[in-house]
Structure formats: structure tokens, C-alpha cells
Amino acid sequence: MDAPQAVESVEIQILVDNVTDSLSTVPSFVETEWAGLGRRRQGSWVLAGSCMCCAAHGLSCVITVRKGAAARTLLFDSGPEDAVFEQNVSRLGVNLGPVETIVLSHGHFDHGGAMLRALQLIRDRNGGRAVPYYAHPDMFRTRATKMPNGSMRLLEDVPSVENLMAYGAEVVNTKEPQLLLDGMAYVSGEIPRVTGFEKGLPGQHRKTLDGRSWELDELVMDERFLVLHVGNKGLIVFTACSHAGVINVLKHAKNSFPDVPLFALIGGFHLTGSNERIIPETVEAMREFDLAVIAPGHCTGWRAVNALANAFGDSKLAPLAVGKRYSF
Ligand SMILES: [Fe+2]
């Protein structure tokens, strides 16, 4: 498959992230939540809790690519629940009407929990048009984590195909990679697991196809990532949770499009909990990709963010926070 078409600019508006941080200084391509408030409410305005976003465990962003007169927009994940999604969209002044495609990164509640409300809000503003929704068939299996005492801790299901269709989604349910927005964005298929140290999500199980029992599902093969292509810079890889391992993600992106340099890595790198032990190998392995921008967020964890900052320096690190806007 060809690389996504080069566009003139990409704007990524973070709607939901684990962190809120408008005080740390940011590079010129990042606008903080509060700076955005100031830009939108020119003149006198009062900084108050009632105009701020809510951070929550999860990830969601709206991505707009621009080329000539065209501006094309997609929603990547929705975060964990309706109230946070809707409040942040409203407080950030984001118009969801232009969202023409939705992509779900994988079948976890912290990425798909607010999808029905998102569909409702989009269709309230687009004249009721149906919205293509890209998913992988295994995202819809019930998931659980096996606890040390042998019990299963259930994860809330993401909205089913039937419910999505009832809310106006046209579900494209496939394991294959896809070009979106007339070729201006790409969503990967399943991510090959090639590194020796990235083992997935220890203890995760899913219901078997007949729904009667549990099977081990540590690899979370339904996860995929997005790629965008900024003409004068290179590829932006947006990986929501990196259960494949963020180095496997980078390797697959590079192998898929060997003729275009990687420019930025954005998203959740899942280097928390038992994955904290692979932080050193991950940071070391990331060097070969020569990324200009590394924007860790969501499930990356503070230890990994610190390690990345120590290895690559402040000039490359631009951690995510709710309400931040990235312009490339
Ligand atoms: Fe996640």
C-alpha cells in the first residue's frame, strides 16, 4: 500500500488524556489548553475551573489534515466515558461537524467508551450523515485481566457493531490496513511482533468466539496505529496504547513506508506497571528511528517520560496533556 498522501499541515487536538498541564513550557508547535482558551476568548476572560478540561484515564483526539483548500478531519478514539468527552469538546470549542471518519485504536474502554456519544454529537452537527467507523473484529470481544488471586477483573466492552450502527456508524470491520480521507491518512492492520522484549499486556484474557470461556489475549492483536504525512517533514505515527510495543509500532511504520522518513511519534507507549522493566530497552531501541518529535501521553507513565527526556532531550520531548493542540 502507498504511503498516505503528503499534506501541507496536520493539526492534532487532544480531547482526552490522563494528564492536565498548562503550566509547563512547550515548544512552538504545541498550544496548551489555557493558551487555547486565551486565543478563543480574546479580550477579558476569567480563568476558572468552569472553563477547564477534565483529564481522565484514556485518549481521544481530533486530527485535521490540510492540503490546498481541503481540510479533512477524523476522530481517533473517544476516551473512557461520555461526560468527559462531551465536556472537553465543549470547553475546547471543537466543532465535531467536520469529522468524517472515526477510528478506534483497539477494543479497550479507555479508548472506545464514549463512541456512541461521539457519534451523536458528530451527527447532530453534520446534518445526520452516517459516519464511517474503522474497527477490527476482535475489538468487540469481552476482555478481562486475571488477578493474582485467580479472579477475572472485567473491562467494560466497547460499543458493539449493532449499537454503533444504531447511532449512525458505517462500520468497516477489518484486520487489513486502510487509507482514509481519500488517502490523506492511513490506519495500519495488525502489527507484527518482532522485538524480543515487547510482550504485550500480561494477564489479559478475552472471551472465546463462542463466548463460553476465556482465552489468553496478551498480544492485543486488534490494536492499530495511524500514520499522517506532512510534506516537508515526514511521517507522524500516532499510536494510542502501544500494546504491540512502541518499537514494534515504529518498525512496522518504517517497513510499511521505507521511502518516507519518520518525523514524529505521538501517543500512549504503555511503559507502566510490569512494562516498566522494558523502559531501558525501549529507549535504546528508539534511537535508530531518529525522531524529531516524541510526544508521550496516556499510558506511557512518568518513569518512561523521564527516561525519554533524559535520552533525547527537551527539544524532542513534547508530552501530551488534555486540551493541548499540536500543529505540524
Ligand atoms: Fe489505553
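This text goes with the structure placed above it.
Residues numbered from 1 in each chain as written. Predicted model: local features only at pLDDT ≥ 70, side-chain atom pairs only at ≥ 80, totals over all residues. Heavy atoms only, no water.

Draft legend 1. Focus on unusual backbone geometry. Residues other than glycine seldom take positive phi values, yet Ser242 does so here, at roughly 55°. Residue position: Ser242 is located in the loop between strand E15 (234–239) and helix H6 (246–256). The backbone phi angle of His298 is positive, close to 45°, even though this residue is not glycine. (Helix = DSSP H or I, 4+ residues; strand = E, 2+ residues; numbered from the N terminus.)

Draft legend 2. Representation of the packing of aromatic side chains in the model. Applying the stated criterion across every chain, the model contains six aromatic pairs. Centre to centre, the rings of Phe29 and Tyr326 are 6.5 Å apart; their planes meet at 40°, and the pair counts as tilted. With Phe29 in the loop between strand E1 (9–16) and strand E2 (30–31) and Tyr326 in strand E18 (residues 325–327), this pair connects stretches of sequence that are 297 residues apart. Side by side, Phe29 and Tyr326 carry an identical accessibility label, which is buried. Summarising the aromatic geometry, the rings of Phe263 and Phe328 are spaced 5.7 Å apart at their centres and angled 85° between planes, so their arrangement reads as edge-to-face. Residue Phe263 is located in strand E16 (residues 262–268), and its partner Phe328 is located in the segment after E18; the two are separated by 65 residues in the primary sequence. Across the pair, Phe328 and Phe263 agree in class, each one buried. (Phe/Tyr/Trp six-rings, centres within 6.5 Å; stacked < 30°, edge-to-face > 60°. Buried < 20%, exposed > 50% of the residue type's maximum accessible area, 1.4 Å probe, protein only.)

Draft legend 3. Expanded view of the layout of surface pockets. A volume near 460 Å³ is recorded for the largest pocket. His57, Arg153, Leu201, His243 and His270 are the residues nearest the centre of the largest pocket, which is lined by 21 residues in total. Mapped by element, the contributors of at least two residues to the lining of the largest pocket are helix H3 (109–112) and strand E8 (152–155). By residue number, the principal contributor to the lining of the largest pocket is E8, which donates three residues. Grouping the constituent residues of the lining of the largest pocket by class yields eight nonpolar, eleven polar and two charged. (1 Å grid on protein atoms, 1.4 Å probe; cavity = no way out; pocket = protein on both sides within 12 Å on 5 of 7 lines; lining within 4 Å. Points joined across faces, edges and corners; volume = space filled by probe spheres on them. Nonpolar A, V, L, I, M, F, W, Y, C, P; charged D, E, K, R; others polar.)

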